[in-house]
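# Descriptive structure summary
What follows is the residue order along each chain.
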Amino acid sequence: KSNDLKNWQFMKPVFDVSPEWAKKEVPKFDGNIWAPDISFHNGQYFLYYSISSFASNRSCIGVATNVTLNPSDPRYKWVDHGKVIESVPGRDNWNAIDPNLVFDENGKPWLMFGSFWGGLKMVQLTDDLLSIAKPEAWYTVASRQRDKMLDETDPGDASIEAPFVFRKGKYYYLFASFDLCCRGEKSNYNVRVGRSEKLAGPYIDKEGKSMLHGGGTLIAGSDEQFYGKGHNSVYTFGGADYMFLHGYEKTYRGRPTLLIYKLNWDNEGWPYISD
């Protein structure tokens, strides 16, 4: 936690041990839970998280709830509700990781998610935010062309993941990460953005290209200080917008580092970052 976005104090993990169902559903899961996404809605915090393993789309997104984030509050208790969605090799051309809860222009809840394979997806949730709504409604919101077509158990090289949607004015802005993370000095992760007046898209970049066809305006990537900046989120504090993401510090041989930048907006409503 932090009061100034500069000095941070470590808190206890949400789960003392991984959810019991995780290893049963995803046999290659090693206990490392990925990509948490947290929102406050109807008096509760909803924490979505990824259960997966590298280079496999046998994955699940789970959700846990709590009424407070203050560990000293007697009401503090994370309640796990298990998996919300799953992806199965050979059946699904997408990967159930990197969740982001967002509400559309009519107030309906959707979960953005996805990685590699057929790109980034969104699915409508029930009003309690714990399961997929019926009848099911799915959309693809961004993808990249695969240079080599492999079988459905292989992600190939269509490297796109980590959707995060931020609404500003009349637009929904879809941020996504291209290329590869988690390789230290070899990471070439980078953040791209497009926008749409409708949550389901199409999301168009600054040059007019759809993110359904590989579009996305570059907003952050490798620079003189960090390798592979990516997997971002955007929040507003004190009337200012900030982008949170991670990078790999060059002066420390690719040490993973939390980065926070002020998110600014140009005269045409496109975001850019500054220190």
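Coordinates for the structure precede this section.
These remarks concern the structure in this document. In this text the structure is predicted, and so the values were computed from the model without any measurement.

Thresholds, definitions, all that
Residues numbered from 1 in each chain as written. Predicted model: local features only at pLDDT ≥ 70, side-chain atom pairs only at ≥ 80, totals over all residues. Heavy atoms only, no water. Helix = DSSP H or I, 4+ residues; strand = E, 2+ residues; numbered from the N terminus. Rg over C-alpha atoms; globule rule 2.2 N^0.38 Å. Buried < 20%, exposed > 50% of the residue type's maximum accessible area, 1.4 Å probe, protein only. Polar contact = N/O pair within 3.5 Å; in protein donor to acceptor, adjacent residues only side chain to side chain. Salt bridge = Lys/Arg side-chain N within 4 Å of Asp/Glu carboxyl O. Pairing = 2+ DSSP bridges. Axes fitted to C-alpha atoms, helices over the stretch in contact; angles between N-to-C directions. Phe/Tyr/Trp six-rings, centres within 6.5 Å; stacked < 30°, edge-to-face > 60°. Disulfide = S-S within 2.5 Å.

### Concerning the overall build of the chain
Assigned secondary structure in the chain consists of one helix and 16 strands. By the compact-globule yardstick of 19 Å for 275 residues, the chain fits well, its C-alpha radius of gyration being 18 Å. The C-alpha extent of the chain, read off along each of the three principal axes, is 50 × 45 × 45 Å. Across the 275 residues in the chain, those meeting the buried criterion constitute 50%.

### Remarks on the side chain of Asn57
Tracing the backbone through its elements, the reader meets Asn57 in the loop between strand S2 (44–51) and strand S3 (59–66). Accessibility expressed as a relative area gives 0% for Asn57, which makes it buried. A polar contact of 3.1 Å, which involves the side chain of Asn57, links it to the backbone oxygen of Trp94.

### Here's the deal with unusual backbone geometry
That bond from Lys134 to Pro135 is cis: its omega, -10 degrees, falls within 30 degrees of zero. Position of Pro135 relative to the elements: it lies in the loop between strand S7 (120–124) and strand S8 (138–142). The omega torsion across Gly201 and Pro202 is 5 degrees, close enough to zero to call that bond cis. Summarising the element assignment, Pro202 is placed in the loop between strand S11 (190–196) and strand S12 (217–220).

### Some details on the pattern of salt bridges
Throughout the structure, instances matching the rule amount to 15 salt bridges. In this structure, the salt-bridge partner of Glu136 is Lys134, at a minimum N-O distance of 2.8 Å. Lys229 serves as the salt-bridge partner of Asp223, at 2.6 Å between the closest nitrogen and oxygen. Of the two residues examined, Asp223 and Lys229, each falls in the buried class. Here the residues in one salt-bridge network are Glu25, Arg58, Lys83 and Glu86, joined through shared partners.

### Quick look at the sheet that holds strand S14 (residues 240–249)
Read across the sheet, four strands follow the order S13-S14-S15-S16 without closing on themselves; strand pairing throughout is antiparallel. Of all the strands in the sheet, the pair left with one neighbour each is strand S13 (226–237) and strand S16 (271–274). When the angles between neighbouring strand axes are averaged without regard to direction, this sheet yields 35 degrees. Sheet topology note: the S14/strand S15 (residues 255–265) ladder contains nine bridges and is antiparallel. Paired with Tyr242 across the strands is Lys262, a residue of S15.

### Looking at the packing of aromatic side chains
How two aromatic rings sit relative to each other is given by the distance of their centres and the angle of their planes. Under the definition given, this model contains 16 aromatic pairs. Between Trp21 and Tyr49, the ring centres sit 6.4 Å apart and the planes meet at 35 degrees, which makes this aromatic pair tilted. Of this pair, Trp21 sits in helix H1 (residues 20–25) while Tyr49 sits in strand S2, placing them 28 residues apart in sequence. Exposure class is identical for Trp21 and Tyr49. Each is buried. When the ring of Tyr173 is compared with that of Trp270, the centres are 6.4 Å apart and the planes differ by 85 degrees; the resulting orientation is edge-to-face. Separated by 97 residues along the polypeptide, Tyr173 in strand S10 (residues 171–178) and Trp270 in the loop between S15 and S16 bring together distant segments of the chain. Just as Tyr173 is buried, Trp270 falls in that class too.

### Topic: the state of the cysteines
One pass over the full model with this rule turns up one disulfide. With its sulfur 2.3 Å from that of its partner, Cys181 forms a disulfide with Cys182. Between Cys181 and Cys182, the S-S dihedral sits near -60 degrees, and the bridge is therefore left-handed. Look at Cys181 and you get buried, because its relative accessible area is 9%. Judged by relative accessible area, Cys182 falls into the partly exposed class, the value being 43%. With no disulfide of its own, Cys60 lies closest to Cys182 among cysteine sulfurs, the gap being 19 Å. Looking at Cys60, the relative accessible area reads 0%, which means it is buried.

### Some details on the pairing of strand S5 (residues 100–103)
Two strands pair when backbone bridges link them, and S5 and strand S6 (residues 109–114) are joined in this way by four bridges, in the antiparallel orientation. When the sheet's bridge partners are listed, Phe103 is paired in S6 with Pro109. Counted along the chain from S5 to the antiparallel partner S6, the turn is five residues long, and its residue Gly107 has a positive phi close to 85 degrees.

Structural measurements only, silent on function.
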